Amino acid sequence: MSEWVSSEVPAFAVVGRVNMGKSSVLATLLEVDDDRVVRISATPGETTRAQVLPVRFGGKELVRFIDTPGFSRPLEAMREIERMHGGGTPDLATVKRFVEENLEGGEFEDEARLLEPVVEGAGVLYVVDSSKPLRDAFVAEMEILRWTGRARMALINKRGDGDVHEDEWRARLGSYFNLVRTFNAHRARFEERRRLLASLLEIDEGHHYMLENALAALADEWEERRLESAEVVMSLLREALMLRVDTRLEEEDERLPHRKERKLRDLGQKYFQRIRKLEENSVSELLEIYRHHLIKLEMEGERFEAIDLSERENWRKWGLTRGQLVLAGGFAGAAGGALLDVSTGGLTHGVPTVLGGLAGAAATFWKGEQLPEFSLGRGLNVSAGSGKTLEVGPPRSDNFPWILLDSILHCYCGILARAHGRRDEEVLRAEGGESLVRGLSRSQRSTLAKWFDGCAKRLPKADLEPGVFEEIRTILEDLDEERGMGRS
């Protein structure tokens, strides 16, 4: 067998005209956003030699795609093949001879390199851009591919609203290819990728078993990623609720209220910086799980625009409603839900409400559309020595873990919505969307609230964790389905 084709692995050459989106389709299909692996460029002819791109699961190659140079002179190549054949319709033998004569420095070297894996046995995945009009040169490409006699599928690469020629393309492609499918390399999600791989089953019956194995492995891998993502989300929530930050409060600070106030304010800022760092680390883990490298996180430089938990506006539009908080807190077995009592030891007397708040269960209720004053939990603890220690965290509002959960869920959706065929850098943005946690079932809210309560008291309830993990996994799966990402 050749370097391109193996009798044991189904192989498909991805072919088409330059800049029709071949490499973008491959990058999305194989989840590669690295130009060192699949080069995507606006410059015509970037792909100059065929390249094998294996699809491996568990270290085993199950499918092979071959990125090829684009057709450059299809009309002239078609006429040359017809001349070589003589009368009648050219066949595989003639196309193979055309390849051999032009492969190394011939007049039609691009076409020869493109066709080499096809004449050696690879199936054809022909990519066209439906925003471009159908011309004679494209018909010539179809004719040449038909003469090879190989299994062939045409892929209409949809590029937004400019697909004005799709009907014309579809009508002509149906005469030359076994199957015609649509695909958007810049928007395709898991379900579209799965359907495209499943379509290959219909044109390559000889490798039916291997392709079925590839589809099963793809589904298993997707579920494994969901489980890993649920672990990341659960870990973020646990660490954030258990986080405390502290600072030393000296006797002079107590005598001068403005110094005490400044320390309180600085401590609150430090706390939210730590929370943002936890969130950044969690998003980075999700990006690694889903193989994205072009979504940049620069939290300190204000480029990562997920939820800013220190902004009061986000406490209005995210998290649970007042009624949901009351019910969740009730199910958790405490009127105030996950609220923490503030132990001040009298040390905050007279300090402005920099970190003030409503105490006890009253924090659950918002008056009209107003929020309770913002508060950071545990307050001041006396320690040994001449000074005292000020310790804060988590916020006393029951809504804090739900807002944090909203934030990471929106980031998760943004990551899954990103196609690997794109090469622009992106910053995740969660603003503007609706609260996701408000759509959770009462049972889900109850399970999570009980666990939140324990974590906030630094007494995480281990017996609840299996149920919490399953609820988070289910939430991620439901988001996949609701947003068209597909069930694995």
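Note that this is a predicted model, so its numbers are computed, not measured. (Residues numbered from 1 in each chain as written. Predicted model: local features only at pLDDT ≥ 70, side-chain atom pairs only at ≥ 80, totals over all residues. Heavy atoms only, no water.)

Next up on the list: the environment of R181. Its location among the elements puts R181 in strand β6 (residues 179-183). For the pair R181 and L155, spaced 26 residues apart in sequence, the C-alpha separation works out to 5.0 Å. Excluding residues within four positions of it along the chain, R181 makes contact with M153, A154, L155, I156, S199 and E202. Within the structure, R181 has its side chain in polar contact with the side chain of S199 (distance 3.1 Å). Here the side chain of R181 touches E202 through a polar contact of 3.3 Å, side chain to side chain. (Helix = DSSP H or I, 4+ residues; strand = E, 2+ residues; numbered from the N terminus. Contact = heavy atoms within 4.5 Å. Polar contact = N/O pair within 3.5 Å; in protein donor to acceptor, adjacent residues only side chain to side chain.)

Across the sheet, which stays open at both edges, the six strands sit in the order β2-β3-β1-β4-β5-β6 with mixed pairing between neighbours. Pairing within the sheet leaves two strands with one partner each, and these edge strands are β2 (51-57) and β6. Each strand axis lies, on average, 25° off the axis of its neighbour in the sheet, ignoring direction. Here strand β4 (residues 123-129) runs beside strand β5 (residues 152-157); their pairing, made up of six bridges, is parallel. Each bridged residue has a counterpart across the sheet, and for V127 the counterpart in β5 is L155. Contacting β1 (11-16), β3 (60-67), β4, β5 and β6, helix α7 (residues 190-203) crosses the sheet at an angle of about 170° to β6. (Pairing = 2+ DSSP bridges. Axes fitted to C-alpha atoms, helices over the stretch in contact; angles between N-to-C directions.)

For the rest of this paragraph, the subject is the nonpolar core. Among the nonpolar cores identified, the biggest contains 88 residues, and F65, W402, L405 and L448 are the most heavily contacted of them. No other element matches helix α8 (residues 208-242), which puts 15 residues into this core. Non-local contacts of L448, meaning those with residues more than four positions away in its chain, are made with W402, L405, L440, V468, I472 and I475. Listed in part, the 42 residues of the second largest apolar core include V5, L134, A154 and F177. (Core = buried A, V, L, I, M, F, W, Y, C linked by side-chain atoms within 4.5 Å. Buried < 20%, exposed > 50% of the residue type's maximum accessible area, 1.4 Å probe, protein only.)

What follows covers the packing of aromatic side chains. Scanning the entire structure with this criterion turns up 10 aromatic pairs. Between F190 and W222, the aromatic rings sit 4.3 Å apart at their centres with planes inclined by 20°, giving stacked as the arrangement. With F190 in helix α7 and W222 in helix α8, this residue pair connects regions lying 32 residues apart in the sequence. Take F190 and W222: they sit in the same class, and that class is buried. Here the aromatic residues F190, W222, Y290 and Y412 are joined through ring pairs into a cluster of three or more. Above the plane of the ring of F138 lies R17, whose end atom (NZ or CZ) is 5.3 Å from the centre. (Phe/Tyr/Trp six-rings, centres within 6.5 Å; stacked < 30°, edge-to-face > 60°. Lys NZ or Arg CZ within 6 Å of the ring centre and 35° of its normal.)

With that settled, consider the pattern of salt bridges. One pass over the full model with this rule turns up 26 salt bridges. For E221, the salt bridge is made with R291, and the minimal N-O distance between the two is 2.6 Å. Residue E221 is located in helix α8, and its partner R291 is located in the loop between α10 (257-289) and α11 (314-317); the two are separated by 70 residues in the primary sequence. Of the residues examined, E221 reaches a relative accessible area of 18% and is grouped as buried. (Salt bridge = Lys/Arg side-chain N within 4 Å of Asp/Glu carboxyl O.)

Given 3.6 residues per helical turn, the α-helix brings residues three or four places apart onto the same face. A rise of 1.5 Å per residue sets the reference length of helix α2 (residues 74-85), with its 12 residues, at 16 Å; its end C-alpha atoms lie 16 Å apart and thus fit the reference within 8%. Regarding α2, the residues found buried are P74, A77, M78, I81 and M84. Each buried residue of α2 lies within a common arc of 125° when the element is viewed along its axis, so the set occupies one face. On its buried face, α2 is in contact with α3 (92-102), α4 (109-119) and α5 (136-148). Of the residues trailing α2, G86 is marked for its positive phi of about 90°. (Expected span 1.5 Å × (residues − 1). Arc of directions from axis to C-beta.)

Attention shifts here to the confidence of the model for the chain. When pLDDT is averaged along the chain, the result is 77, and 75% of the positions lie at 70 or above. With pLDDT under 50 throughout, residues 34-47 is counted as low confidence; its partners more than four residues away or in other chains account for 32 contacts. In the predicted structure, residues 331-385 sits below a pLDDT of 50 and forms 136 contacts with residues beyond four places in sequence or in another chain. (pLDDT = per-residue confidence, 0-100.)

Okay, unusual backbone geometry next. With the exception of glycine, the majority of residues adopt a negative phi angle, and the majority of peptide bonds are in the trans configuration. Following G393, the chain continues into P394 via a peptide bond in cis, with omega recorded as -10°. Positive phi, normally seen in glycine, also occurs at R291, with a value near 60°. The backbone phi angle of R458 is positive, close to 60°, even though this residue is not glycine. The topology assignment puts R458 in the loop between α14 (442-456) and α15 (465-482). Judged by relative accessible area, R458 falls into the partly exposed class, the value being 42%.

So, about the packing of α7 against α8. Running from N to C, α7 and α8 point in directions that differ by 170°, and their axes come no closer than 9 Å. It follows from the interaxial angle that α7 and α8 lie roughly antiparallel. As α7 packs across α8, the resulting crossing turns out to be left-handed. Between α7, through F190, R193, R194, L197, A198, L200 and L201, and α8, the contact on the second element is made entirely by H208, L211, E212, L215, L218 and W222. (Parallel < 35°, antiparallel > 145°, perpendicular 65-115°, else oblique. Left-handed = near helix turned anticlockwise from the far one by under 90°.)

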